[in-house]
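# Survey of secondary and tertiary structure
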Amino acid sequence: MVLGDNNDRIVLGILGVSIVMLVAMFLGGSTGQILFSYTIVVFFGLYVLLGTRPQEQDVDGAPFTKLSAGLVLLLGALFAALWYFHFQNPGYTDPVYWLGFPRATAVLVYGLWMPPALYMMFAYPYLFDQYIWKEEEAVEFQEMERREAPTAAGGDD
């Protein structure tokens, strides 16, 4: 197999990360949990890159790579905080509360769920408008919509 295409490398990267995730699930324990967390972060970044690669022949791929790197850094830092606070008090005996939750749970609820979603929610429309959307293609689609579709030959469905 010749790896000349970036898509091939990304797909192989996703496959490798998926195998590491499976090993982490079978390994279990704290090491398995931490390994699984970070492989899922890398998986998300590679998934975003794979989805944006087809536009690279028309536009510069650097903004999409930066978007993925930012997502990986954000999630990586939040998972580090989650595991740090979890291992400070793994039994949750006499926990320190942040905004109504034990610290590790607060990081999960207020950190891991919302900020990455907001990051992607605001970054993607900008990148779509700047790099993916092309007015010429929109005009072409509008013209295709106006034309009547040819009738199927020989079918009375």
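Nothing here was measured: the structure is a model prediction, and the numbers come from that model. (Residues numbered from 1 in each chain as written. Predicted model: local features only at pLDDT ≥ 70, side-chain atom pairs only at ≥ 80, totals over all residues. Heavy atoms only, no water.)

Looking only at helices and strands, one finds five helices and two strands in the chain. Counting from the amino terminus, helix and strand elements in the chain follow one another as α-α-α-β-β-α-α. Here the chain holds 157 residues, and the buried ones make up 30% of them. Within the chain, residue pairs in contact and separated by at least 24 positions form 60% of the contacts whose partners lie at least 6 positions apart. (Helix = DSSP H or I, 4+ residues; strand = E, 2+ residues; numbered from the N terminus. Buried < 20%, exposed > 50% of the residue type's maximum accessible area, 1.4 Å probe, protein only. Contact = heavy atoms within 4.5 Å.)

On to a negative patch on the surface. Among the surface-exposed residues, Glu-135, Glu-136, Glu-137, Glu-140 and Glu-143 lie close enough to one another that they form a single negatively charged patch. Within the secondary structure, Glu-143 sits in helix α5 (residues 135–146). (Patch = residues over 30% accessible without salt bridge, like charges linked within 9 Å, V, L, I, M, F, W, Y side chains within 5 Å. Areas by Shrake-Rupley, 256 points an atom, 1.4 Å probe, with all protein chains shown as cover. Salt bridge = Lys/Arg side-chain N within 4 Å of Asp/Glu carboxyl O. Lys, Arg positive; Asp, Glu negative; His and termini not counted. Charge placed at Lys NZ, Arg CZ, Asp CG, Glu CD.)

Let us now look at the nonpolar core. Of all hydrophobic cores here, the largest spans 24 residues; its most connected members are Phe-79, Leu-82 and Leu-112. Secondary structure elements with two or more residues in this core: α1 (6–27), α2 (29–52), α3 (62–88) and α4 (103–132). Looking at this core, the element that brings in the most residues is α3, giving nine residues. What Leu-82 contacts, discounting residues up to four positions off in sequence, is Ala-104, Val-107, Leu-108 and Leu-112. (Core = buried A, V, L, I, M, F, W, Y, C linked by side-chain atoms within 4.5 Å.)

This part covers a nonpolar patch on the surface. There is a patch of nonpolar side chains on the surface, built from Trp-113, Met-114, Leu-118, Met-121 and Phe-122 and spanning about 580 Å² of accessible area. On the secondary structure map, Met-114 appears in helix α4.

As for its position among the elements, Asp-8 is in helix α1. For Asp-8, a relative accessible area of 27% gives the class partly exposed. When the C-alpha positions of Asp-8 and Leu-50 are compared, they lie 9.4 Å apart, and in sequence the two are 42 residues distant.

Let us look at unusual backbone geometry. One non-glycine residue with positive phi stands out, namely Asp-94, at about 50 degrees. Tracing the sequence through the fold places Asp-94 in the loop between α3 and β1 (97–98). The class for Asp-94 is exposed, based on a relative accessible area of 74%. Residues other than glycine seldom take positive phi values, yet Leu-99 does so here, at roughly 50 degrees.

Caution applies to low-pLDDT regions: their predicted coordinates should not be interpreted in detail. Across the chain, the average pLDDT comes to 78, with 83% of residues at 70 or higher. Within the chain, the lowest mean pLDDT, 78, falls on α5, and the highest, 88, falls on β1. (pLDDT = per-residue confidence, 0-100.)

At Met-114, α4 shows its strongest bend, of approximately 25 degrees, with the proline Pro-115 following within four residues. For α4, the full list of buried residues reads Ala-104, Ala-106, Val-107, Val-109, Gly-111, Leu-112, Pro-116, Ala-123, Leu-127 and Ile-132. Close packing links the buried residues of α4 with α3, β1 and β2 (101–102). (Bend = angle between axes of the 7 residues up to and from the residue.)

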